[in-house]
Amino acid sequence: MRSSPSIVPTDRLDRDIYLVLEDFGARAGCAWRETDEQDTDRDTIVRDLLSGQYTYPVRIVVFNAIEGYARDATSEIADELAEAVAEDAEITPALQAFVEANASRPFALQLALPLRGVVRPP
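Read on for an overview of the structure. The residue numbers shown here count from 1 along each chain, following its written sequence. Owing to the predicted nature of the model, reporting of local features is limited to residues with pLDDT of at least 70; listing and counting of side-chain atom pairs is limited to 80 or more, with chain, interface and lining totals taken over all residues. Water and hydrogen atoms were dropped before computing side-chain values, which therefore reflect all heavy atoms in the structure.

Time to look at the sheet that holds strand 4 (residues 69-72). Any two strands with at least two DSSP bridges between them are considered paired. Here a helix means four or more residues in a row that DSSP labels H or I, a strand means two or more in a row labelled E, and each is numbered from the N terminus. The strand order 2-1-3-4 describes an open sheet built from four strands, whose pairing is antiparallel. At either margin of the open sheet sits one strand with a lone partner, and together these are strand 2 (30-32) and strand 4. Averaged over all pairs of adjacent strands, the angle between strand axes in this sheet comes to 20 degrees, irrespective of strand direction. As paired strands, strand 1 (residues 17-23) and strand 2 are joined by three bridges and run antiparallel to one another. Considered in strand 2, the bridge of Glu22 is made with Ala31. With axes taken as lines fitted to C-alpha atoms, and helix axes fitted only over the stretch in contact, angles between N-to-C directions fall between 0 and 180 degrees.

Pasting the structure below:
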C-alpha cells in the first residue's frame, strides 16, 4: 500500500505550535483562538497572555506536526507567567486565576507595602 504525502508544509512548520483555548462566556462557550501562523511560538503566546490578548484562557496545547506530537502545555506556560509576575509584570485578575489554578509551583505575588518608621532621604 502506498502512503499518502503529508499535507503539512515542511518548510514552514518545523517548530512547536502553541494554541490557546479561551472561554468566551456562557453563551459562546470555549473555542481555540484564531491565531496568525507567525504568532504561535511560545514567546509570542506568553507575551500576548501578559498583554491581555487572551481574556479568559482555559488550556494551552503545543504540537509539532513534523515530529508527530501534541501535549498539554498549560502548567508550564502558567509557571512562566508566574515568573513574569514575580519580575513585576502586571496581569489581569482572570489571568492571575489561570496561573493560580494551573501553575505547578506556588504562585507568590509580593505586594509593595510602605515600611513604617523608615526615614526617606530628602
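What follows is about helix 2 (residues 74-86). Residue count minus one, scaled by 1.5 Å, sets the expected span of a helix. Spanning 13 residues, helix 2 covers 18 Å between terminal C-alpha atoms, matching the ideal 18 Å at 1.5 Å per step. Between buried and exposed lies partly exposed: a residue is buried under 20% and exposed over 50% of the maximum accessible area for its type, with that area taken using a 1.4 Å probe on protein chains only. Among all positions in helix 2, only Thr74, Ile77, Ala78, Asp79, Leu81, Ala82, Ala84 and Val85 are buried. Any two residues whose heavy atoms approach within 4.5 Å are treated as being in contact. Tucked into the core, helix 2 has its buried residues touching strand 1, helix 1 (42-50), strand 3 (57-64), strand 4 and helix 3 (93-102).

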